[in-house]
Number of protein chains: 2
Amino acid sequence: MGMKAVNGGVCAAEGFMASAAAAGIRKHGRDDMAMIFSEKPCVTAGTFTSNVVKAAPVQWDKKVIASGAAVQAVVVNSGIANACTGEEGMQACEAEAKAVSDGFGGAVPASSVLVSSTGVIGLQMPMDKVKDGITELVPKLSHDEASATAASKAIMTTDTKNKEFAVEFTLSGKTVHLGGMTKGSGMIHPRMCTMLCFLTTDAAISKEMLQKALSSDIVDTYNMISVDGDTSTNDTCVILANGLAGNTEITAEGEAFDTFCRALHTVNETLAKRMAADGEGASHLFEVKVVSAKSKDEARTLARSVVSSTLTKAAIYGRDANWGRILCAMGYSGAQFDPDKVRLYFVNDIGKIEVYKDGTPIAFDEDFAKEILSHEEVTALIEMHEGDETATAWGCDLTHEYVDINSAYRS
Amino acid sequence: MGMKAVNGGVCAAEGFMASAAAAGIRKHGRDDMAMIFSEKPCVTAGTFTSNVVKAAPVQWDKKVIASGAAVQAVVVNSGIANACTGEEGMQACEAEAKAVSDGFGGAVPASSVLVSSTGVIGLQMPMDKVKDGITELVPKLSHDEASATAASKAIMTTDTKNKEFAVEFTLSGKTVHLGGMTKGSGMIHPRMCTMLCFLTTDAAISKEMLQKALSSDIVDTYNMISVDGDTSTNDTCVILANGLAGNTEITAEGEAFDTFCRALHTVNETLAKRMAADGEGASHLFEVKVVSAKSKDEARTLARSVVSSTLTKAAIYGRDANWGRILCAMGYSGAQFDPDKVRLYFVNDIGKIEVYKDGTPIAFDEDFAKEILSHEEVTALIEMHEGDETATAWGCDLTHEYVDINSAYRS
């Protein structure tokens, strides 16, 4: 299958536009609102946080998507999460959707507008600023790459890098695009989905198949990253499909669906890894790959436990091949396994080093290990020797900067 | 019931002795081995880590206690955990127990000696040093308080304070003592028990009732503390009862058993809180008290989730009343509850401040909140308004020093 990366992020797909605005919700005078708009109403699917405490926009978006409304516009702000804000928070979502609808002269129904927020929990939305922001966002909408990039930057909070990616592929002889933007740097330990992720495609696909593709793909992408073990109240991942590529609509499983899923997976995995690498304060992308496990579930459980271990993350920061902490994190993960069958390696572009085998430590070259661990990306490869299943998780190291950021975030 | 705190730690109970020695297992030339000895063989109970990867001494001690052997001696080292060390690690335990037996001229059977280790995972025990240490420990055994304190200091790793405590109480007209020492500062998130905790008592009690008292008490003491979410491979909590107080032996539930359990709880809760307050790099003891919950299990789940939340811990370090992170951690805990019924306060000796009520934020005096959070102990009081159950968890803040300690621990 021909698939290639292309520029344009959420604007890579035909008919999608984006814009950004500085509404003054965050203090810094930088862009803090973004809009995504499709010329044609979209088939829409979404996945949201499993946190019992759900932010108002999550509750709003779940209703919009469940209603089957054809979504044309998404408005997002950073700075305030609109979570734990009670009835006033829900009214803010409604007022935002109404303001977007008004911005399009009523052509877009308020009941089809998606609303998303990220930032401090427990503050009410400054609605005057938000409405002014929306008034600015609508006329600035544009198809160009720069607008997609501006939108992806406007939704950043403690992120240090904007994260957007898109691919081009073929479905029933038509060129199709799928792109996305995401943010997430702290409070990242998705159980259903990631912090905020917006995907756009010009593929023609039914709502049922779109939701199926999204729900099954997040399990091995966004649900496999962790920055700090805190599952957010605002996790949102939505995909809009406007069908403008003109391919035969995907309405069932089969080759075309598989092709679409592969494209979706490429975009999601790329964005998920970038999110992990840009975890708050991170100096390493830390990948944990579990192979030859008894079951897929067990492989995922082991990989997630290691990538989330505070002590392992601190060791990676210290470029210390302290593999005992990895065995320890595997042991308390809940998975049942025989420690005597495990083999453990550190590996990346610099090289590969074996540190543990058959229940006992292996003498290894500490200098070479330090060299491997000094690279900005490092993989802990864990062989279980109990089956054929594999899972990969992504995270980052625990650094002084993480503590700086999070002890001073709200103030 | 009359119960009072007394000095003497593990030597407070009649017939118990302790000693410490510098065996050179750690680098610093400070004491790194400790021994506890009872003049009379003891009824013994223990609880151990639930980690699938169990250190060799944990496996050894479980066997000794299961065998019903009357324990007279416990030997402990810091510096090396003897975990992930395979067959050689198990042989080291046996050799240590044999060396202790030899130290007493064979009067203490090797099969009744408890062995315990804490430190780096994945290194083999330096048996020559260990044996020399044991040779030094035996003749130094003494009943005095200073020996108990020296033993409690010898088992410290990254701990900054030694942790020992004892109480005196009455059973069937006899004066009884129960004391303990504990260590634990990192890799603290006990699921069965804490890192290392040794309790001694001169009470007369059957093995069955002793195990029952210990197993039920750790649920609300050691199992309710968390420093970093990592459950160790070495968690061990044992209690030795030599019966020298001369009380009527406790062989069933009833008033005497309840009295004993209250004394045990006082010692365990005190040591657990000290362990949390002395978490690696900690500048705050952070207490989370959940009240009016639907069930005891749910209260425990909520309290543990909040006390373990990385983001909440960083906010406490920053003296930031960022209560949204607490609601968030409650929400992903797995407990089902109605966020709109929750009320949240910060409280300690400085004062009490309400921050969240009925689903919405409450305006509060930020300066006063900062004053409360600047105190070295702070409690998050969470009212659920769904029932009558209560649970308390203890932890500490996430600081720069934690990262310092753990990015450089092994090297």
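Residues numbered from 1 in each chain as written. Chains lettered and ligands numbered in written order. Predicted model: local features only at pLDDT ≥ 70, side-chain atom pairs only at ≥ 80, totals over all residues. Heavy atoms only, no water.

### A look at the relation of the copies chain A and chain B
- Of the two same-sequence chains, chain A is brought onto chain B (RMSD 0.0 Å, axial shift 0.0 Å) by a rotation of 180 degrees. Accordingly, the operation relating the two chain copies is best matched by a two-fold axis. It is H400 of chain A whose C-alpha, among those of chain A, lies nearest the rotation axis, at 2.8 Å.
- When the interface residues of chain A are mapped onto chain B, 100% of them again fall at the interface, so both copies present the same face. (Least-squares fit on C-alpha atoms with pLDDT ≥ 70 in both. Contact = heavy atoms within 4.5 Å.)

### Focus on the interface of chain A and chain B
- Between chain A and chain B, the residue contacts involve 57 residues of the former and 57 residues of the latter.
- With both sides pooled, the region where chain A packs onto chain B buries about 4,500 Å², and carbon together with sulfur makes up 58% of that total.
- Put simply, chain A and chain B have zero salt bridges between them.
- In this assembly, chain A and chain B are joined by 11 residue pairs in polar contact (both at pLDDT 80 or more).
- Of all elements in the fold, only α8 (310-317), α9 (324-331), β14 (360-361) and α11 (400-407) of chain A reach the threshold of two or more residues within the side of chain A that touches chain B.
- Considering each element in turn, the side of chain A that touches chain B owes the most residues, six residues, to α11 of chain A.
- Within the side of chain A that touches chain B, the residues separate by chemical class into 24 nonpolar, 24 polar and nine charged. (Buried area = accessible area lost by both parts, 1.4 Å probe. Salt bridge = Lys/Arg side-chain N within 4 Å of Asp/Glu carboxyl O. Polar contact = N/O pair within 3.5 Å; in protein donor to acceptor, adjacent residues only side chain to side chain. Helix = DSSP H or I, 4+ residues; strand = E, 2+ residues; numbered from the N terminus. Nonpolar A, V, L, I, M, F, W, Y, C, P; charged D, E, K, R; others polar.)

### A look at the pattern of salt bridges
- The full count for this structure, using the stated rule, is 20 salt bridges over all chains.
- For E386 of chain A, the salt bridge is made with K294 of chain A, and the minimal N-O distance between the two is 3.4 Å. Residue E386 of chain A is found in the loop between β15 (377-383) and β16 (389-396), and its partner K294 of chain A is found in the loop between β11 (285-293) and α7 (296-308); the two are separated by 92 residues along the sequence.
- A relative accessible area of 46% places K294 of chain A in the partly exposed class.
- For D297 of chain B, the salt bridge goes to R300 of chain B, with nearest N and O atoms at 3.4 Å. With a gap of three residues between them, D297 of chain B and R300 of chain B both fall in helix α7 (residues 296-308), about one helical turn apart.
- When salt bridges that share partners are traced, they join D159, K163 and D278 of chain A into one network. (Buried < 20%, exposed > 50% of the residue type's maximum accessible area, 1.4 Å probe, protein only.)

### Here's the deal with the sheet that holds β15 of chain A
Residue and element names in this part refer to chain A.
- One open sheet accounts for seven strands, arranged β9-β16-β11-β15-β12-β13-β14; its pairing is mixed. The outermost strands of the open sheet, each flanked by one partner alone, are β9 (225-226) and β14.
- Bridging between β11 and β16 involves seven bridges; their strand directions are antiparallel. Within the sheet, the bridge partner assigned to K289 lies in β16 and is T392.
- The sheet strands contacting helix α6 (residues 255-277) are β9, β11 and β16, and the helix crosses β16 at an angle near 40 degrees. (Pairing = 2+ DSSP bridges. Axes fitted to C-alpha atoms, helices over the stretch in contact; angles between N-to-C directions.)

### Concerning the environment of A151 of chain A
Residue and element names in this part refer to chain A.
- Residue placement: A151 occurs in helix α4 (residues 145-154).
- With relative accessibility at 0%, the residue A151 sits in the buried group.
- Separated by 133 residues in the primary sequence, A151 and A18 have C-alpha atoms spaced 6.3 Å apart.
- With residues near it in sequence (within four places) discarded, A151 still touches A18, S19, A20, A34 and M181.

### Re the packing of aromatic side chains
Residues and elements named next belong to chain A.
- Applying the stated criterion across every chain, the model contains six aromatic pairs over all chains.
- Ring centres 4.5 Å apart and planes at 15 degrees place the aromatic pair F37 and F104 in the stacked group. You can see F37 sitting in strand β3 (residues 33-48) and its partner F104 sitting in the loop between α2 (86-103) and β5 (114-120), a full 67 residues away along the chain.
- For F104, a relative accessible area of 17% puts it in the buried group.
- Here F169 and F260 contribute two aromatic rings whose centre-to-centre distance is 6.5 Å and whose plane-to-plane angle is 55 degrees, an arrangement assigned as tilted. Here F169, found in strand β6 (residues 163-171), pairs with F260, found in helix α6; they are 91 residues apart in sequence, far enough to count as distant.
- The exposure class assigned to F169 is buried, which follows from its relative accessible area of 1%.
- Since its relative accessible area comes to 0%, F260 is described here as buried.
- One residue, K352, lies across the ring of Y345, its end atom 4.6 Å from the ring centre. (Phe/Tyr/Trp six-rings, centres within 6.5 Å; stacked < 30°, edge-to-face > 60°. Lys NZ or Arg CZ within 6 Å of the ring centre and 35° of its normal.)

### Let's talk about the pairing of strand β10 (residues 236-241) of chain B
Residue and element names in this part refer to chain B.
- Across the six residues that make up β10, a large majority, six, are buried.
- Burial along β10 is two-sided: the residues T236, V238 and L240 and C237, I239 and A241 are all buried.
- Where strand β3 (residues 33-48) and β10 come together, six bridges link them in antiparallel fashion. For A45, the partnering residue across the bridge sits in β10 and is I239.
- Sheet analysis places strand β8 (residues 196-201) next to β10, joined by six bridges and oriented parallel. From the neighbouring strand, F198 faces β10, where its bridge partner is V238.

### Things to note about the sheet that holds strand β16 (residues 389-396) of chain B
Residue and element names in this part refer to chain B.
- Sheet architecture is open: seven strands sit in the order β9-β16-β11-β15-β12-β13-β14, paired in mixed fashion. Where the open sheet ends on each side, the last strands, each with one partner, are β9 (225-226) and β14 (360-361).
- Both strand β13 (residues 351-357) and β14 contribute to a ladder of two bridges, which runs antiparallel. Across the sheet, the residue bridging to Y356 is P361, located in β14.

### A look at the confidence of the model for chain A
- When the pLDDT values of chain A are averaged, the result is 90; 96% of them are 70 or greater.
- Ranking the elements of chain A by mean pLDDT puts β9 of chain A last, at 80, and helix α3 (residues 127-140) of chain A first, at 97. (pLDDT = per-residue confidence, 0-100.)

### Regarding the environment of D217 of chain A
All names here are of chain A.
- Position of D217 among the secondary structure elements: in helix α5 (residues 207-218).
- Residues D217 and R262 lie 45 residues apart in sequence; the distance between their C-alpha atoms is 9.2 Å.
- Leaving out residues up to four positions away in the same chain, D217 has contacts with L264, H265 and N268.

### As for the packing of α2 of chain A against α3 of chain A
Residues and elements named next belong to chain A.
- The geometry of α2 relative to α3 is characterised by a closest axis approach of 9 Å and an angle of 30 degrees between their N-to-C directions. As the angle between them shows, α2 and α3 are arranged roughly parallel. Viewed along their axes, α2 and α3 form a crossing whose handedness is right-handed. Residues A92, A95, E96, A99, V100 and G103 of α2 pack against M127, V130, K131, I134 and V138 of α3.
- Classifying every residue of the contact of α2 with α3 gives eight nonpolar, one polar and two charged. (Parallel < 35°, antiparallel > 145°, perpendicular 65-115°, else oblique. Left-handed = near helix turned anticlockwise from the far one by under 90°.)

### With respect to unusual backbone geometry
Residues and elements named next belong to chain A.
- Its identity is not glycine, yet C84 carries a phi of approximately 60 degrees, on the positive side.
- Mapped onto the elements of the fold, C84 is located in the loop between β4 (71-80) and α2.
- On the accessibility criterion, C84 (7% relative accessible area) is buried.
- Positive phi, normally seen in glycine, also occurs at D358, with a value near 55 degrees.
- Inspection of the secondary structure assignment puts D358 in the loop between β13 (351-357) and β14.

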